[in-house]
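Summary of the model geometry
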Amino acid sequence: MPTASDISIKETLDLFDGPLSAVAKAIAHGGYTFWLGSGISRDRVIGLDGVLVKLLDYLRQNATMAADCPYKLALDHVIGLAALDASQRGQIDLAVPPQNWGCIKTLTNRLWDQYSKVLSTEVAGKPADFLLWVGLDFPATFAAEEPDCEHLAVGMLVLEGAISEIATPNWDGLIEAAIAQLGHADKVFKITVTGDDLRSPEAPFATLYKFHGCAVRAINDEAKYRPLLIARSGQIQGWINSQTFKLVRDQLEGVIQRSRALLIGLSAQDTNIKNLFSAVGAIKGWKWNANPTPIVISAEALGQDHKDLLTVAYGDDYDPNRDQICEAARIRAYAKPLLLALLLSVLTEKLKVLASDVAAPNLNSAAQSAIEAGLVFVRDNIAEAGNTRRLDLTHAVAAGLSRVRHQISDGLSKAGVQPYYALDSQPAHQMKGKQSLASTGLREAAAALGLIGLDAQAGNWEMKCDDPSLPESGPLRLASGGTEARIIFAANDDTINTMLGEGVFAEDDSDVVVICSKNVTPRQQRNPGGVYRDGSVGPRYVSLGAMFKDAANLDDLRDAFRKRVSV
């Protein structure tokens, strides 16, 4: 079994296809609240280790040898929290930056679970939050942040309806930045720090509970939101009884009681987080052996704070069942592979639902299962191809899906990366039989993608990614025997005509296969000769509607589809 650090996206998908299949399905159905900690932002904003080193260096640079120097006294206090021995303290040289101290790793490791005490350290004559705001240079540290693949994956899962509530102690604005990069700024989240924020009149896609404060708001509205940044130990302990946060606290307790919890990058060391989960244990809410598991945690091994959280959440059931509880709770994958696997898993689950609603009277359940297996093959190829360049993979999935959605449903194909266009804004199970999807062409396109996957798996052609920023691109290319074809999906004749007018392809493009969800009428050449094309010259048109209706069985369908695509 690979570790949480080196597990691949595909190996994580294997977990979701196997022992964690119930969790994956529940996430696709919107059944989990995501609790996100600093671990999902490790490569974008300064992590906790970096915070500690930066604060130590700030105090070092301002300290003098005067007995009453407030910076030196504060520095001595912080170092004292680590309880170093004489040998380790002898490795501290205030003439050089902390990262050059021989004991720095030991020092930061011992301060890691005392970060709130570190930030509580007083500097005489300065405000209580001086180390946070000035020592850490809070406005510069948390300004103009660039989202990573984790944040983009979360944003897409929100837009797909798989996540409706997120709780995080993170101050950073990376989730919001991801939504903006996906083309949906200020339209998605109800960002909530206090009860006042809950009273926004707009109905959001999702609620983002930033219960330790919001850096973006603190920077833009310092007077109101800087005092709401929770960092010091006294603030964390006081939060649980503060009237300022009562409405948010009540909402979060309700979230835990009605929704399963997925913890990613969250150490759970803060007492207020444990207190929230203890409210569930007090009323014996979730049963530890419920299926899917009520509380799951991204971790290589559960830390003591994770175990404490499970203890208070499950109450008296924890001790006699602790081995089984801890094993069921652990997802051995960290944020990047976990969230990208979840994104691909949710999209595939939605494609399966769409394909299952295709009007194909002679296809039995075995045929449907085979088409689903073809979709999984496509999914796994994407996962393996993008594992080493995960941010590029995330951008490609977002841009590629947006490209094909604009083409298939609207016939539009503008240059450049388009705003993210979800398969559907509702979770997977609510798409089943949904009337508004009948005319979109998505059902037939999903089934066709499954057929493409089956023949790729059989070696009849090779799938290649197209460039989703180009208006002439489709979702993929198929190659076989030295020839290659662009695949373009269209819902009906109208979208085909619109794409012809937009220049997505031309009537003399022989490298194009247009897969139409409905029936295609004969197309007239755009020249004075007025000759009708039959699909043998120029683009090949595949009429999925008739093909699914007329297919006697899966083999018949695959044979007809392969011949019409004719790569």
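Residues numbered from 1 in each chain as written. Predicted model: local features only at pLDDT ≥ 70, side-chain atom pairs only at ≥ 80, totals over all residues. Heavy atoms only, no water.

Roughly 970 Å³ of internal volume is contained in the second largest pocket. Every residue lining the second largest pocket is counted, 36 residues in all, and those nearest its centre are Val378, Ile382, Val397, Cys465 and Pro475. Residue assignment for the lining of the second largest pocket shows that the elements contributing at least two residues are α19 (335–356), α20 (365–386), α21 (390–410), α22 (442–457) and β8 (462–465). Take the lining of the second largest pocket: its biggest share by element is 9 residues, from α21. (1 Å grid on protein atoms, 1.4 Å probe; cavity = no way out; pocket = protein on both sides within 12 Å on 5 of 7 lines; lining within 4 Å. Points joined across faces, edges and corners; volume = space filled by probe spheres on them. Helix = DSSP H or I, 4+ residues; strand = E, 2+ residues; numbered from the N terminus.)

The next subject is the pairing of strand β6 (residues 295–298). Judged by which residues are buried, β6 turns out to be covered on both faces: Ile295 and Ile297 on one side and Val296 and Ser298 on the other are all buried. Direction of pairing for strand β5 (residues 260–264) relative to β6: parallel, over a ladder of 3 bridges. Within the sheet, the bridge partner assigned to Leu262 lies in β6 and is Val296. Taken together, β5, helix α16 (residues 271–282) and β6 constitute a β-α-β crossover, and its handedness is right-handed. Bridge count between β6 and strand β7 (residues 330–331): 2 bridges; the pairing is parallel. Following the sheet pairing, Ile297 is matched in β7 by Arg330. (Buried < 20%, exposed > 50% of the residue type's maximum accessible area, 1.4 Å probe, protein only. Pairing = 2+ DSSP bridges. Right-handed = clockwise from strand over helix to strand, strands pointing away.)

Bringing the packing of α19 against α20 into the picture now. The interhelical angle for the contact between α19 and α20, taken along N-to-C directions, is 155 degrees, at an axis separation of 10 Å. Here α20 runs roughly antiparallel to α19, going by the angle between their axes. As α19 packs across α20, the resulting crossing turns out to be right-handed. Where α19 abuts α20, its residues Leu344, Thr348, Leu351, Lys352, Ala355 and Ser356 lie against Gln368, Ile371, Glu372, Leu375, Val376, Arg379, Ile382 and Ala383. (Axes fitted to C-alpha atoms, helices over the stretch in contact; angles between N-to-C directions. Parallel < 35°, antiparallel > 145°, perpendicular 65-115°, else oblique. Left-handed = near helix turned anticlockwise from the far one by under 90°. Contact = heavy atoms within 4.5 Å.)

Before going further, it helps to examine the confidence of the model for the protein. In this model, the protein carries a mean pLDDT of 92, and residues with pLDDT of at least 70 account for 96%. Taken together, the stretch residues 524–536 has pLDDT below 50 and engages in 18 contacts with residues farther than four places along the chain or on a different chain. (pLDDT = per-residue confidence, 0-100.)

Any two packed helices are characterised by how steeply their axes cross, that is the angle between the axes, and by the distance between the axes. In contact at an axis separation of 9 Å, helix α15 (residues 246–258) and α16 are set at 55 degrees when each is read in the N-to-C sense. Relative to α16, the element α15 lies oblique. Between α15 and α16 the crossing geometry is right-handed. On α16, the residues touching Arg249, Leu252, Glu253, Ile256 and Gln257 of α15 are Leu276, Phe277, Ala279 and Val280. The residue inventory of the contact of α15 with α16, partitioned by class, reads 6 nonpolar, 1 polar and 2 charged. (Nonpolar A, V, L, I, M, F, W, Y, C, P; charged D, E, K, R; others polar.)

Following the criterion strictly, the structure yields 12 aromatic pairs and no others. Where Trp35 meets Phe277, the ring centres are 5.1 Å apart and the plane angle is 55 degrees; that geometry is what we call tilted. Taken together, the residues span a long stretch of sequence, with Trp35 in strand β1 (residues 32–36) and Phe277 in helix α16 at a distance of 242 residues. Residue Trp35 is classed as buried on the basis of its relative accessible area, which comes to 1%. On the accessibility criterion, Phe277 (1% relative accessible area) is buried. Arranged with centres 5.8 Å apart and planes meeting at 85 degrees, the rings of Phe142 and Trp171 form a pair that is edge-to-face. Pair noted here: Phe142 is in the loop between α9 (138–141) and α10 (149–159) and Trp171 is in the loop between β2 (165–168) and α11 (174–181), with a separation of 29 residues, a long-range link. For the pair Phe142 and Trp171, a shared accessibility class is recorded, and that class is buried. Within the aromatic cluster, the residues linked to one another by ring pairs are Trp35, Phe211, Trp239, Phe245 and Phe277. Positioned above the aromatic ring of Trp239 is the side chain of Arg249, whose terminal nitrogen or guanidinium carbon lies 6.0 Å from the ring centre. (Phe/Tyr/Trp six-rings, centres within 6.5 Å; stacked < 30°, edge-to-face > 60°. Lys NZ or Arg CZ within 6 Å of the ring centre and 35° of its normal.)

The residue Gln114 is located in the loop between α6 (104–112) and α7 (115–119) in this model. Apart from the residues within four sequence positions on either side, Gln114 is in contact with Leu81 and Gln269.

This brings us to the nonpolar core. Phe34, Phe189, Ile515 and Phe561 are the most contacted members of the largest nonpolar core, which totals 103 residues. The leading source of residues in this core is α19, at 14 residues. What Phe189 contacts, discounting residues up to four positions off in sequence, is Val158, Ile166, Ile175, Ile179, Pro204, Ala206 and Leu208. (Core = buried A, V, L, I, M, F, W, Y, C linked by side-chain atoms within 4.5 Å.)

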